Amino acid sequence: TKSTTPKATKMMLNAFLAGRGDGPPVKNTPGPDLQAGVGKSGTIRPALKDDPEYTRYFKMLKLGMPMEVVKHALERDGMDPSIMDQDHNSPVMVGVPLKDDPEY
């Protein structure tokens, strides 16, 4: 893995946020009425790494930014940073975990 200094990481993040990154801001995460991998219309959601809502964050990783910086950017944008702990090849897991769901 690449080793970057805090100053270099800050410079990369500032450049990314200044518009030389991915483009328009990312929308908030989908509502809790979505099941893992299935959208409101019943369509299959793409893998996390291919989901358009998370493109910006995977680009940050590709540019060599540490995972902590990417998680901070997610939190700053109002998204759940723990999403990056999931399998990036699986659809986004949203909503309440089944074991915590009051219906079950």
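This part covers the nonpolar core. Counting residues in each nonpolar core, the largest one holds 16 residues, and the members touching the most others are Tyr54, Tyr57, Met60, Leu74 and Ile83. Put simply, the parts of the chain that give this core at least two residues each are helix H1 (6-20), helix H2 (55-62) and helix H3 (67-76). It is H3 that contributes the most residues to this core, four residues altogether.

Our next topic: H2. For H2, the complete set of buried residues consists of Arg56, Tyr57, Phe58 and Met60. Immediately beyond the C-terminal end of H2, within one or two residues, lies Gly64, with a positive phi of roughly 100 degrees.

For the rest of this paragraph, the subject is the environment of Ala73. Among the secondary structure elements, Ala73 is positioned in helix H3. Through-space distance from the C-alpha of Ala73 to that of Met60 is 9.5 Å; in sequence the pair is 13 residues apart. Look past the residues within four positions of Ala73 in its chain and what remains in contact with it is Tyr57 and Met60.

Under the criterion given, the structure shown has two salt bridges. The salt bridge involving Asp85 is made with Lys71; its shortest N-O contact spans 2.7 Å. In this pair, Asp85 sits in the segment after H3 while Lys71 sits in helix H3, placing the two residues 14 residues apart along the sequence. By relative accessible area, which is 23% here, Lys71 ends up partly exposed.

Conventions and cut-offs
- Residues numbered from 1 in each chain as written.
- Predicted model: local features only at pLDDT ≥ 70, side-chain atom pairs only at ≥ 80, totals over all residues.
- Heavy atoms only, no water.
- Core = buried A, V, L, I, M, F, W, Y, C linked by side-chain atoms within 4.5 Å.
- Buried < 20%, exposed > 50% of the residue type's maximum accessible area, 1.4 Å probe, protein only.
- Helix = DSSP H or I, 4+ residues; strand = E, 2+ residues; numbered from the N terminus.
- Contact = heavy atoms within 4.5 Å.
- Salt bridge = Lys/Arg side-chain N within 4 Å of Asp/Glu carboxyl O.

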